[in-house]
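# Close look at the chain arrangement
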Amino acid sequence: MKKMKKPLLMVVSAVFLLVTVLAGCSNSGGNDPKPAATDSATNTNKGSEATDAPADQPWVFGSSPIEFSAYTHYSWQDFPDTMDANPFWKYLKENKQVTIKPIHAKGNSAQLMQTFMADSSQMPDVIYGDRYNPDIERLIANDQLVALDPYLDKYPNLKKYLNPKSMELLRSADGKLYKFPNWYTDKPTSTAGYVVNKKVYAELGSPALETFDDLYAYLKLVKEKYTDMIPLELDRGSEIQGQGVVYAGFGENNLYKSLSSDVQGVIKDDKLVSFFTDPSFRESQKYLAKLYREKLIAQDWWTQTRDVVAEKIVTGKVAVYAGSGVTTFASRGDSELRKADPNAGYFMIWPVRKAGLDKNKIFAGGYDALGWNVVTITKHAKDPEKIFAALDWMTGPEGMTISFFGPEGGNWKGFDENEQPIFTENYNEEEVTAIQAANDVVHIVGNVSYIDPAKLKYVNSLPLEKQNWAARWQRDITWPSSNDTTALTNINIEPDSPYGDTRQQIVDLTLETLAESTTAKSDADVDRILDAADKKANSYKYKELLEWRTERWHANRTILGE
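Attention in this report is confined to the structure presented alongside it. (Residues numbered from 1 in each chain as written. Predicted model: local features only at pLDDT ≥ 70, side-chain atom pairs only at ≥ 80, totals over all residues. Heavy atoms only, no water.)

## Things to note about the overall build of the protein chain
- What the protein chain contains, in helices and strands, is 21 helices and 17 strands.
- Scored against the burial criterion, the 562 residues of the protein chain give a buried share of 59%.
- Of the roughly 22,600 Å² of accessible surface on the protein chain, a fraction of 50% belongs to carbon and sulfur atoms. (Helix = DSSP H or I, 4+ residues; strand = E, 2+ residues; numbered from the N terminus. Buried < 20%, exposed > 50% of the residue type's maximum accessible area, 1.4 Å probe, protein only. Areas by Shrake-Rupley, 256 points an atom, 1.4 Å probe, with all protein chains shown as cover.)

## Here we look at the environment of Gln77
- Note that Gln77 resides in the loop between β1 (66-72) and α3 (87-95).
- C-alpha of Gln77 to C-alpha of His104: the two residues are 27 residues apart in sequence and 8.6 Å apart in space.

## Overview of the pairing of strand β10 (residues 318-323)
- Counting buried positions over the six residues of β10 gives six, a clear majority of the element.
- In this sheet, β10 lies alongside strand β6 (residues 193-197) in antiparallel orientation, the contact comprising four bridges. Counterpart to Gly193 in the pairing with β10 is Gly323.
- Two strands pair when backbone bridges link them, and strand β7 (residues 230-234) and β10 are joined in this way by four bridges, in the parallel orientation. Residue pairing for β10: Glu233 is matched across the bridge by Tyr321. (Pairing = 2+ DSSP bridges.)

## A short note on the pattern of salt bridges
- Considering all chains together, one arrives at 35 salt bridges under this definition.
- The closest approach of N and O atoms between Lys386 and Asp383, which form a salt bridge, is 4.0 Å.
- Three or more residues are tied together by salt bridges with common partners; here these are Arg131, Lys257, Asp262 and Asp368. (Salt bridge = Lys/Arg side-chain N within 4 Å of Asp/Glu carboxyl O.)

## What to know about the sheet that holds strand β4 (residues 180-181)
- Pairing is mixed in the open sheet, where five strands are placed in the order β2-β1-β3-β13-β4. For this open sheet the edge positions go to β2 (98-103) and β4, each flanked by a neighbour on one side alone.
- Of the pairings in the sheet, the one linking β4 to strand β13 (residues 373-377) comprises two bridges and is antiparallel in character. Its bridge partner being in β13, Phe180 is matched across the sheet by Val375.
- This element, helix α14 (residues 384-394), spans β1, β3 (126-130), β4 and β13 of the sheet and lies at about 150° to β13. (Contact = heavy atoms within 4.5 Å. Axes fitted to C-alpha atoms, helices over the stretch in contact; angles between N-to-C directions.)

## Re the packing of aromatic side chains
- Applying the stated rule across the entire model yields 29 aromatic pairs.
- Ring centres 6.5 Å apart and planes at 50° place the aromatic pair Phe180 and Tyr184 in the tilted group. For the pair Phe180 and Tyr184, one class covers both residues: buried.
- A centroid spacing of 6.4 Å and a plane angle of 50° characterise the contact between Phe405 and Tyr427, whose relative ring orientation is tilted. With Phe405 in helix α15 (residues 397-405) and Tyr427 in the loop between β15 (421-423) and α16 (429-439), this pair connects stretches of sequence that are 22 residues apart. Each member of the pair, Phe405 together with Tyr427, is buried.
- Pairwise contacts between aromatic rings join Tyr151, Tyr155, Phe180, Tyr184 and Phe388 into one cluster.
- Against the face of Tyr216 rests Lys290, its NZ or CZ located 4.0 Å from the ring centre.
- Just above the ring of Trp553 sits the side chain of Arg557; from NZ or CZ to the centre is 4.7 Å. (Phe/Tyr/Trp six-rings, centres within 6.5 Å; stacked < 30°, edge-to-face > 60°. Lys NZ or Arg CZ within 6 Å of the ring centre and 35° of its normal.)

## Looking at the sheet that holds β7
- What the four strands build is an open sheet, ordered β7-β10-β6-β11; its pairing is mixed. Two strands bound the open sheet, and with one partner strand each, they are β7 and β11 (346-349). Pairs of neighbouring strands in the sheet enclose a mean axial angle of 20°, with direction left out of account.

## Brief notes about the packing of helix α19 (residues 500-518) against helix α21 (residues 542-560)
- Running from N to C, α19 and α21 point in directions that differ by 110°, and their axes come no closer than 10 Å. As far as their axial angle goes, α21 and α19 are roughly perpendicular. For the element pair α19 and α21, the recorded crossing hand is left-handed. Mapping the contact onto sequence places Thr502, Arg503 and Ile506 in α19 and Tyr542, Leu545 and Arg549 in α21.
- Its residues placed into classes, the contact of α19 with α21 shows three nonpolar, one polar and two charged. (Parallel < 35°, antiparallel > 145°, perpendicular 65-115°, else oblique. Left-handed = near helix turned anticlockwise from the far one by under 90°. Nonpolar A, V, L, I, M, F, W, Y, C, P; charged D, E, K, R; others polar.)

## Concerning the nonpolar core
- In this structure, Leu92 and Tyr194 are the most contacted members of the largest nonpolar core, which totals 145 residues.
- With seven residues, α14 is the largest single contributor of residues to this core.
- Excluding anything up to four places from it in sequence, Leu92 contacts Phe61, Met83, Gln97, Val98, Trp393 and Met394. (Core = buried A, V, L, I, M, F, W, Y, C linked by side-chain atoms within 4.5 Å.)

## A look at the environment of Phe88
- Turning to its location among the elements, Phe88 is positioned in helix α3.
- Given the relative accessible area of 3%, Phe88 is considered buried.
- For Phe88 and His443, which are 355 residues apart along the polypeptide, the C-alpha to C-alpha distance reads 9.1 Å.
- When residues no more than four places from it in sequence are discounted, the contact partners of Phe88 are Trp393, Met394, Gly399, Ile402, Ser403, Asn439 and Val442.

## Quick word on helix α4 (residues 109-118)
- Among the residues of α4, those classed as buried are Ser109, Met113 and Phe116. An end-on view of α4 places all buried positions within 55° of arc, on one side of the element. What points out from α4, more than 90 degrees from its buried face, is the exposed set Gln114 and Ala118.
- Buried residues in α4 make contact with β1, β2, β3 and α5 (134-141). (Arc of directions from axis to C-beta.)

## Focus on helix α10 (residues 241-248)
- The buried fraction of α10 amounts to eight of the eight residues, a majority that puts the element mostly inside the structure.
- For α10, the complete set of buried residues consists of Gln241, Gly242, Gln243, Gly244, Val245, Val246, Tyr247 and Ala248.

## Notes on the packing of α10 against helix α11 (residues 279-293)
- Two elements in contact, α10 and α11, have axes whose closest approach is 9 Å; the angle formed by their N-to-C orientations is 125°. Viewed along their axes, α10 and α11 adopt a mutual orientation that is oblique. In terms of crossing hand, the pair formed by α10 and α11 is right-handed. Where α10 approaches α11, its residues Gln243, Val246 and Tyr247 are matched on the opposing element by Ser280, Phe281, Ser284, Gln285, Tyr287 and Leu288.

Laid out in structure tokens, this is it:
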């Protein structure tokens, strides 16, 4: 292997320690009882008097104590240290008799999972992670996870809100359902795109920011005028987050998901083919390499953590911010910056595109009816049914409303005829923004089909300048500029299958190649790196892997009726 320069070596080393997470549900009817306005109140503190329901009856969440351990299988993310440190978890502890004991990876998720696999007595009760992580499939293959099918009829929300066709795509090879999707939906959910620092933009004359040429000229101007500013911040380089958004703008109908570990290909003539040879991908890498060489993007963008990115956004040190999930940090940053200066803050722009392309065919992000992460319950759990009941409650009207708007009696009270929260005159936008940002890390399950209409119900009643930042830009930018990628679900390959090694080899090769080509010295250097990568990929049977995935993709389309 060619000896790499130190920055690149650091990049690649860090990349291999992280898990690729690319990517982002339907009302099928059901019998979910309407939530009464006083549900939360009547359930409070009555657990000590309640007893568990008979085995054939559903357990009422909050009627008796429940305790479980929870682990997030990411090296860049851990759950809060204590339940009191998070608003939603604190509510669960004080009102629903829930005790969650977090297990922290502290940057060593792979090693910790190996420990669990070697000694099942150490296994957490709940594991949250990437739907396509091979470790999840290994746990299923080794009979370590609980099948969820027996609980679907007893606890109604997942079955009610998730399209049954989509649920079929989530099932494992044995036909059973082991994975509770984190954000199921029947409509766009993307939060991908470009965020612009409002004050800097105004001070520089508010130039056009529609094409990559416009963006390049603007970033140059920022660098010239603001020496302490990052011209362009790309979120989580090691997970291809911001990079994927840029790639999507270099071709009409490009899929953000093409670079993800579970797809690894672009669609051409109704089949998946190599992205190393895709002309638009090559253009995007040359563009990024130019920005990197001219120091128009953060020089440590491959290795920095989410906390570092968040700090820069919240303190206004970034002129343009791009990524697959920009609204959480930007919303918080907008709120903080406006406290000091009403004219400061952030706004979003339509996804940047290559000049000459149709803006309405540029999709910065995609959405999957099944979300992107999953929650699984292990056989180590003492009472998996109660855990499922808790997860299901969290995605129902009461759980969703409390986690997004706080406990009943403050910003909302009771539900209307559509099961949507009734907002009060005490609704506090600043408080709601803070609640949503704080709870983001514990939103391990969610129901977009329910919560997005709830958010818009209030937002649409307000004048533009008073609307919730995230909800407004999702409605106006990120949702309409995303496309449905559900049919590309579940085309990942099991680690022990014939192409399991190929899949991992391509994942490793992709990350190394992206890092190397982004730091390339010239356009010719980018071509050389990608040519070499394509040649190596084919030696790994990349073409055969893509043919296998194409068959699975077509099968999914048949299930979905496309």
